[in-house]
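# Structure assessment
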Number of protein chains: 2
Amino acid sequence: MTTTHFFPWERLCGAARDLCAASGSPEAEAELVSQRLLKANLAGHDSHGIIRLAMYMQWMRDGWVEPGRTPEIVRDNGATCLIDGNRGYGQVAAEYAMGVAIERAQAHGIAGVGVTNLSHIGRLADYAISAAKANMLGMVFTATGGKSVLVAPGGGRTARMSTNPMAVGFPSDRDQPIVFDMATSAYAEGKFRVMQDAGAASPENKIIDKDGRPTTNPEDFFSGGAILPAGGYKGYLLNFMVEALAGLITGGGYLGKQENPLFNNCSMMIVIDVSRFRALPEFKEDLEGLVRYLKQSPPQPGEEVLYPGELEARREAERLRTGIPLADKTVQNLQAEMERYGVKVNLLELTQEAPAPPAS
Amino acid sequence: MTTTHFFPWERLCGAARDLCAASGSPEAEAELVSQRLLKANLAGHDSHGIIRLAMYMQWMRDGWVEPGRTPEIVRDNGATCLIDGNRGYGQVAAEYAMGVAIERAQAHGIAGVGVTNLSHIGRLADYAISAAKANMLGMVFTATGGKSVLVAPGGGRTARMSTNPMAVGFPSDRDQPIVFDMATSAYAEGKFRVMQDAGAASPENKIIDKDGRPTTNPEDFFSGGAILPAGGYKGYLLNFMVEALAGLITGGGYLGKQENPLFNNCSMMIVIDVSRFRALPEFKEDLEGLVRYLKQSPPQPGEEVLYPGELEARREAERLRTGIPLADKTVQNLQAEMERYGVKVNLLELTQEAPAPPAS
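Residue numbering note: each chain is counted from 1, following its sequence as written. Here every chain gets a letter starting at A, and every ligand a number starting at 1, in the order they are written. Selection of residues for local features in this predicted model requires a pLDDT of at least 70, selection of side-chain atom pairs for listing and counting requires 80 or more, and totals for whole chains, interfaces and linings are taken over all residues. Hydrogens and water are ignored here; the side-chain numbers use all heavy atoms of the structure.

### Let's talk about the overall build of chain A
Each helix and strand counted, chain A has 11 helices and 12 strands in total. The globule rule used here is 2.2 Å times the number of residues to the 0.38 power, and the radius of gyration it is set against is calculated over C-alpha atoms. Taking 21 Å as the expected radius of gyration for a compact globule of 360 residues, we find that chain A reaches 20 Å, a close match to that expectation. The principal-axis extent of the C-alpha atoms belonging to chain A is close to 55 × 50 × 45 Å. Here, two residues are considered to be in contact whenever any of their heavy atoms come within 4.5 Å of each other. For chain A, the proportion of contacts with a sequence separation of at least 24, taken over those separated by at least 6, is 66%. Strands are runs of DSSP state E lasting at least two residues, helices are runs of H or I lasting at least four, and both sets are numbered from the N terminus onward.

As structure tokens, this is what we get:
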């Protein structure tokens, strides 16, 4: 049983920012990267949270990501743009791309912006939320590519695809966004790491072993197996779509072709200005009506009909109170990186009290 | 055991065209509707084929669809348009909408065209193929709406959504298109009708009964049950996306709000001119490379890794040879409609020989 420490998210965010800055990131980049990682923790997606920062530091030393790079538009046709991330932080390039997409959708009603040559972009939902906050419907498709050959094609026995996720954000007047973010594989890779660490079995029909046989043992997946597409053949089709939109159109390539060992999160942002079709308040009213109507479906025992993003909004409210839980090993890895770059912060001094166990 | 008749598709298409024309459709509409229905049969999707034509005739008499209506652009912003189908044939309005989307994507690089107030549009793939043939990546999202309350939301016990399909076509130089077309529900409704007629059980985790309990009996679904979303929660999220893109943005509404009993196939077409991002031949080369790479995955026993649309292409080649199989009841229904509108064709005179049973 590993020890868990609990951190107020702002303190941890400050420490992450200090580490980014000390390792070469300009202020705005350090702020963006640390915010994005900690917001993922707040939403309960710890696999996309601060645990990644020590990995980013290693990638930086390996030359896979360079701090302080500025993305640039390399092809500009107004409603469409292609952006080169210049091997920088994915968060910087992808947020820039989404900003351009929003601006172009404001000008043209719809925009498609591709971005390539960038590192890990973190949680896709964040970019879709940026669009939704600008009163746009924002779609993000990411070919996670690079070294992440993880997913078997429909009918296949070995991995040939990545988890190729997509996210969509919908404009609303809620404090918390209506947004979803999903891998087109049965699960994202991180879920199996969690099961592996916990010694837990996977649900059925999620993974196969190195010989293509169904298994529920996460170890089989990590020993040359593969994740199955979400919902069988349909997930394969969606995965193919993401590969084409985000990898092929941008020229970022596909698994099997990419020569660049850089962790590659080629993305396509499609942003729609809803107000070009109908009055925005009417759209928002219908969106609320749809959410209400869906929630009128009586729930399955022990379940609840949630709108996209509702679960994350609840987790965020909870974690603002209880703090961000980090395993001792994660804290140690982070502490080692801070020492390496001369950040004089003792992480364990930043913790808050562990939340009381739930009343039983 | 029902009798099956086999028809050369052109003959059946001619008969369908005659029926459309006799029931009030101008020549071009009769041609388009009959072609689309028969092409669905050729692709093996009989549930979207000529079986629908007798239904269309009934809808026409009920005032749900009117022949000879002309769709019109009601909001035009260049890269985005909103089109009113004027209660006409869905095929006419949706093909017009896709044509506008292609033209606008040629001008702007990307286009979003919504269409509402139209009848059943048939197989979505056809519109995505129109885009792909014009060297565009074409996406079609359809809120099938109207009376089709069929799908339970994630965690819910009763139907609140429709099967809300989506289709995507990819530009290539193949004779047969690279395209997919899928319901965001576990299956389309028609699959359960086929199981029901065959007295077959559904695979597990596809449907629930009227009390929300899992079942494999298609009768339970038709007696107040619901179809589950594809792949569980992910299908629910995609279904929500289609409802927002195709129903809410267009103003076509959502299930629970629509007051119009018209069978409603509100759609959003998003078309991308790939050549605005990179040279089209390079994209096509990478697409072929991706297909080859995927197919290198050794297949599961008895399976095969297919590219999107490959199965349909094979079925088409087969049915061009063996003919379109129609159940006797379908032929009778169609014949009755032909007599009603004075079309002097005896369908049973159009058949070809039944194909030899496969050698065993």
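Having seen it, we continue.
### A short note on the domain arrangement of chain A
All names here are of chain A. An automatic or database domain assignment provides the domain bounds reported here. Under the domain assignment used here, chain A contains domain 1 (1-67 + 323-360) and domain 2 (69-185 + 229-321). Placing the centre of domain 1 and that of domain 2 at their C-alpha centroids yields a distance of 24 Å. Listed per partner, the contact involves 29 residues of domain 1 and 24 residues of domain 2. Accessible area, probed at 1.4 Å, shrinks when two parts are joined; the buried area is that loss added up over both. Between domain 1 and domain 2 the total buried area reaches about 2,600 Å² when both faces are included, carbon and sulfur atoms providing 55% of it. For this document, the term salt bridge refers to a Lys or Arg side-chain nitrogen within 4 Å of an Asp or Glu carboxyl oxygen. Viewed at the interface, domain 2 and domain 1 are joined by four salt bridges.

### Remarks on the interface of chain A and chain B
Each side of the interface is counted separately: chain A has 83 residues, and chain B has 84 residues. Both sides of the chain A and chain B interface together cover about 7,000 Å² of buried area, and 68% of this is carbon and sulfur. Contact with chain B buries surface across chain A, with Phe240(A), Phe277(A) and Tyr293(A) losing the most and accounting together for 12% of the total. At the junction of chain A with chain B, the criterion picks out zero salt bridges. In protein, a polar contact means a hydrogen-donor-capable atom and an acceptor-capable atom, both N or O and within 3.5 Å, with residues adjacent in sequence counting only if both atoms are side-chain atoms; elsewhere, any N or O pair within 3.5 Å suffices. For the pair chain A and chain B, the number of links is 34 residue pairs in polar contact (both at pLDDT 80 or more).

### Here we look at the packing of helix H8 (residues 233-248) of chain A against helix H9 (residues 280-295) of chain B
Convention adopted: a line fitted to C-alpha atoms gives each axis, helices being fitted over their contacting stretch, and angles between N-to-C directions are expressed from 0 to 180 degrees. Between H8(A) and H9(B), the least distance of the axes is 11 Å, while the angle of their chain directions is 145°. Crossing geometry of H8(A) relative to H9(B) is assigned as right-handed. Facing Tyr236(A), Phe240(A), Glu243(A), Ala244(A) and Leu248(A) of H8(A), the residues of H9(B) in contact are Phe283(B), Asp286(B), Leu287(B), Leu290(B), Val291(B) and Leu294(B). Residues were grouped as follows: Ala, Val, Leu, Ile, Met, Phe, Trp, Tyr, Cys and Pro as nonpolar; Asp, Glu, Lys and Arg as charged; and all remaining residues, including Gly, as polar. Of the residues in the contact of H8(A) with H9(B), the class split is nine nonpolar, no polar and two charged. Handedness of a crossing is defined here by the sense of rotation of the near helix relative to the far one, left-handed for an anticlockwise turn of less than a right angle and right-handed for a clockwise turn.

### What to know about the packing of aromatic side chains
Classification of ring pairs rests on two measures: the distance between centres of Phe, Tyr or Trp rings, Trp counted by its six-membered ring, which must be within 6.5 Å, and the angle between planes, read as stacked under 30 degrees, edge-to-face over 60 and tilted in between. Under the criterion given, the structure shown has 20 aromatic pairs over all chains. Each ring, one from Phe240(A) and one from Phe170(B), has its centre 5.2 Å from the other, and the planes form 75°; the classification is edge-to-face. Of this pair, Phe240(A) sits in helix H8 while Phe170(B) sits in strand S6 (residues 166-170), placing the two residues on different chains. To sort residues, take the accessible area from a 1.4 Å probe on protein chains only and compare it with the maximum for the residue type: under 20% means buried, over 50% means exposed, and anything in between is partly exposed. Residue classification places Phe240(A) among the buried positions, given a relative accessible area of 0%. Overall, the relative accessible area of 1% leaves Phe170(B) in the buried class. Ring plane angle 75° and centroid distance 5.2 Å describe the contact between Tyr233(B) and Tyr236(B), whose orientation is recorded as edge-to-face.

### Topic: the relation of the copies chain A and chain B
After a rotation of 180° and a shift along the axis of 0.0 Å, chain A superposes on chain B with an RMSD of 0.0 Å. Such a combination of rotation and displacement between the chain copies is what one expects of a two-fold axis. Of every C-alpha in chain A, the one belonging to Gly231(A) sits nearest the axis of rotation, 1.8 Å from it. Comparing interface residues between copies, 100% of those in chain A also sit at the interface in chain B, which points to an isologous, same-surface contact. Superposing copies: least-squares fit, C-alpha atoms only, residues required to have pLDDT of at least 70 in both.

### Remarks on the sheet that holds strand S9 (residues 214-215) of chain A
All names here are of chain A. A pair of strands is labelled paired if DSSP reports no fewer than 2 bridges between them. In space, the three strands of this open sheet follow the order S9-S8-S10, with antiparallel pairing throughout. Of all the strands in the sheet, just S9 and strand S10 (226-227) have a single pairing partner and so form its edges. Relative to S10, strand S8 (residues 207-208) runs antiparallel, the two being bridged by two bridges. Of the residues in S10, the one forming a bridge with Ile-208 is Ala-226.

### Notes on the pattern of salt bridges
This structure, assessed with the given rule, holds 42 salt bridges over all chains. Here Arg314(A) ties to Glu304(A) by a salt bridge, and the two come within 2.8 Å at their closest N and O atoms. Residue Arg314(A) is found in helix H10 (residues 310-322), and its partner Glu304(A) is found in the loop between helix H9 (280-295) and H10; the two are separated by 10 residues along the sequence. With a closest N to O distance of 3.6 Å, Arg278(B) and Glu282(B) form a salt bridge.

### Quick word on the sheet that holds strand S7 (residues 178-182) of chain B
Residues and elements named next belong to chain B. The strand order across the open sheet formed by seven strands is S2-S3-S4-S11-S5-S6-S7, and the pairing between neighbours is mixed. Edge positions in the sheet fall to strand S2 (72-76) and S7, since each has one partner strand and no second. For this sheet, the mean inter-axis angle between neighbouring strands, taken without regard to orientation, is 15°. Its contacts with the sheet put helix H4 (residues 90-108) on S2, strand S3 (80-88), strand S4 (110-118), strand S5 (137-143) and strand S11 (266-272), and the angle it makes with S4 is roughly 165°.

### Comments concerning the environment of Pro218(A)
All names here are of chain A. Looking at the element boundaries, Pro-218 is found in helix H7 (residues 218-222). The spacing of Pro-218 and Gln-196 is 22 residues in sequence and 5.8 Å in space, taken between C-alpha atoms. Look past the residues within four positions of Pro-218 in its chain and what remains in contact with it is Phe-192, Met-195, Gln-196, Ala-200, Ala-201, Ser-202 and Ile-207.

### Section: the pairing of strand S3 (residues 80-88) of chain A
All names here are of chain A. Burial analysis of S3 places eight of its nine residues in the buried class, which makes it a mostly covered element. Across four bridges, the pairing between strand S2 (residues 72-76) and S3 is antiparallel. Residue pairing across strands places Asp-76 opposite Cys-81, the latter belonging to S3. Hairpin remark: S2 followed by S3, antiparallel, with three residues in the connecting loop; positive phi at Gly-78, about 85°. Both S3 and strand S4 (residues 110-118) contribute to a ladder of six bridges, which runs parallel. Note on S4: the bridge partner recorded for Ile-83 is Val-115. In terms of handedness, the path from S3 via helix H4 (residues 90-108) over to S4 forms a crossover that is right-handed. When the strands point away from the viewer, a crossover counts as right-handed if the path from the first strand over the helix to the second runs clockwise.

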